[in-house]
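What the coordinates show
The residues making up each chain are set out below.
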Amino acid sequence: AQSVAQPEDQVNVAEGNPLTVKCTYSVSGNPYLFWYVQYPNRGLQFLLKYITGDNLVKGSYGFEAEFNKSQTSFHLKKPSALVSDSALYFCAVRDWGYSGAGSYQLTFGKGTKLSVIP
Amino acid sequence: DTEVTQTPKHLVMGMTNKKSLKCEQHMGHRAMYWYKQKAKKPPELMFVYSYEKLSINESVPSRFSPECPNSSLLNLHLHALQPEDSALYLCASSQGPRSRGPYEQYFGPGTRLTVT
């Protein structure tokens, strides 16, 4: 079974400082990893993904994530936080292997609330 | 265009009402999903349609009835709901499992459902 852990319920960072939102995962095969952001009363917006290739993945709105296979981590990062980045962030994983109907089912972490302080 | 649309945005219904939620995408995606999301929690998968056929039902009560009329549309029919069913209902779509990717799901803005 696949699982995702986001160890921090909330992350506070000052505007202009770098931010990191942590995610670790567990899958039986190669992972497909995703980050989504959710603003209040809105749906989830896709930020970035790791499928294969370079361990540093760049995504929307200046976000990037670093895939670390040995530590089974996929931390979300941004060099300089904006107040508008304040939102709920979800990490998700999908197992690479195709095993029928469930193969494209995402498993989400519990979410991390990011607050950027002016 | 990576847009998934959902109607209505808000819905208030009594426990004896029948209503429907609608979802539409025009990205050529062949997998569509219904999720239920409670406040500050991750989305919980309810149903998956793959190539217009129901492929996953996550033990959802029969008062929720999904329908996929064609590859672009997804409905969720609601009947005799309970107050605890109040939540944000999200629709999503992605490439089907037989594709070579990309594999991310795109979400609609959701329908905020309140059951009174």
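Residues numbered from 1 in each chain as written. Chains lettered and ligands numbered in written order. Predicted model: local features only at pLDDT ≥ 70, side-chain atom pairs only at ≥ 80, totals over all residues. Heavy atoms only, no water.

**Comments concerning the sheet that holds strand β1 (residues 4–7) of chain B**
All names here are of chain B. Read from one edge to the other, the open sheet built from 4 strands follows the order β1-β3-β8-β7, with strand pairing classed as antiparallel. If you trace the sheet from one side to the other, it starts and ends with β1 and β7 (64–70), each paired once. In this sheet, adjacent strand axes meet at a mean angle of 20 degrees when their direction is disregarded. Relative to strand β8 (residues 73–79), β7 is paired through 5 bridges, and the arrangement is antiparallel. Bridge pairing in β8 places proline 66 opposite leucine 76. (Pairing = 2+ DSSP bridges. Helix = DSSP H or I, 4+ residues; strand = E, 2+ residues; numbered from the N terminus. Axes fitted to C-alpha atoms, helices over the stretch in contact; angles between N-to-C directions.)

**Section: the pattern of salt bridges**
Two side chains with opposite charge may pair up if their charged atoms get near one another. All told, the structure shown has 7 salt bridges over all chains when counted by the stated rule. Of the charged contacts, one joins Lys49(A) and Glu104(B) as a salt bridge, the two residues approaching to 2.8 Å between their closest N and O atoms. Taken together, the residues span two chains, with Lys49(A) in strand β6 (residues 44–50) and Glu104(B) in the loop between β9 (87–94) and β10 (106–107). Its relative accessible area of 25% is what places Lys49(A) among the partly exposed residues. A relative accessible area of 5% places Glu104(B) in the buried class. Where Glu66(A) meets Lys77(A), a salt bridge forms, and the shortest distance between an N and an O atom there is 3.2 Å. (Salt bridge = Lys/Arg side-chain N within 4 Å of Asp/Glu carboxyl O. Buried < 20%, exposed > 50% of the residue type's maximum accessible area, 1.4 Å probe, protein only.)

**Some points on the state of the cysteines**
Applying the stated criterion across every chain yields a total of 2 disulfides over all chains. The partner cysteine of Cys23(A) in its disulfide is Cys91(A), sulfur to sulfur 2.0 Å. Here the disulfide of Cys23(A) and Cys91(A) is left-handed, its torsion about the S-S bond being about -65 degrees. Taken as a pair, Cys23(A) in the loop between β3 (19–21) and β4 (24–26) and Cys91(A) in strand β10 (residues 87–95) lie far apart in primary sequence, 68 residues in all. There is no split in this pair, since Cys23(A) and Cys91(A) are both buried. The partner cysteine of Cys23(B) in its disulfide is Cys91(B), sulfur to sulfur 1.8 Å. Classification of the bridge connecting Cys23(B) and Cys91(B) rests on its S-S torsion, roughly -70 degrees, and on that basis the disulfide is left-handed. Placement of the pair is Cys23(B) in strand β3 (residues 18–25) and Cys91(B) in strand β9, with a sequence separation of 68 residues. For Cys23(B), a relative accessible area of 2% translates into the label buried. Here Cys91(B) falls in the buried class, since its relative accessible area comes to 0%. Counting only cysteine sulfurs, Cys23(B) is the nearest neighbor of Cys68(B), a cysteine outside any disulfide, at a range of 9.2 Å. (Disulfide = S-S within 2.5 Å.)

**As for the layout of surface pockets**
Of the voids in this model, the largest pocket is the one considered here, and its volume is about 500 Å³. The wall of the largest pocket is formed by 21 residues, among which Gln38(A), Leu88(A), Ala39(B), Lys40(B) and Lys41(B) lie closest to the centre. Within the residue set of the lining of the largest pocket, elements represented by two or more residues are β10 and β12 (112–117) of chain A. Looking at the lining of the largest pocket residue by residue, the classes come out as 8 nonpolar, 5 polar and 8 charged. (1 Å grid on protein atoms, 1.4 Å probe; cavity = no way out; pocket = protein on both sides within 12 Å on 5 of 7 lines; lining within 4 Å. Points joined across faces, edges and corners; volume = space filled by probe spheres on them. Nonpolar A, V, L, I, M, F, W, Y, C, P; charged D, E, K, R; others polar.)

**With respect to the nonpolar core**
Phe108(A), Trp34(B), Tyr35(B), Phe64(B), Leu76(B) and Leu78(B) are the most contacted members of the largest nonpolar core, which has 45 residues in total. Once residues lying within four places of it in the same chain are set aside, the contact partners of Leu76(B) are Lys19(B), Ser20(B), Leu21(B), Trp34(B), Met46(B), Phe47(B), Phe64(B), Ser65(B), Pro66(B) and Tyr89(B). One finds Val13(A), Leu19(A), Tyr25(A) and Leu48(A) within the second-largest nonpolar core, a separate group that totals 27 residues. (Core = buried A, V, L, I, M, F, W, Y, C linked by side-chain atoms within 4.5 Å. Contact = heavy atoms within 4.5 Å.)

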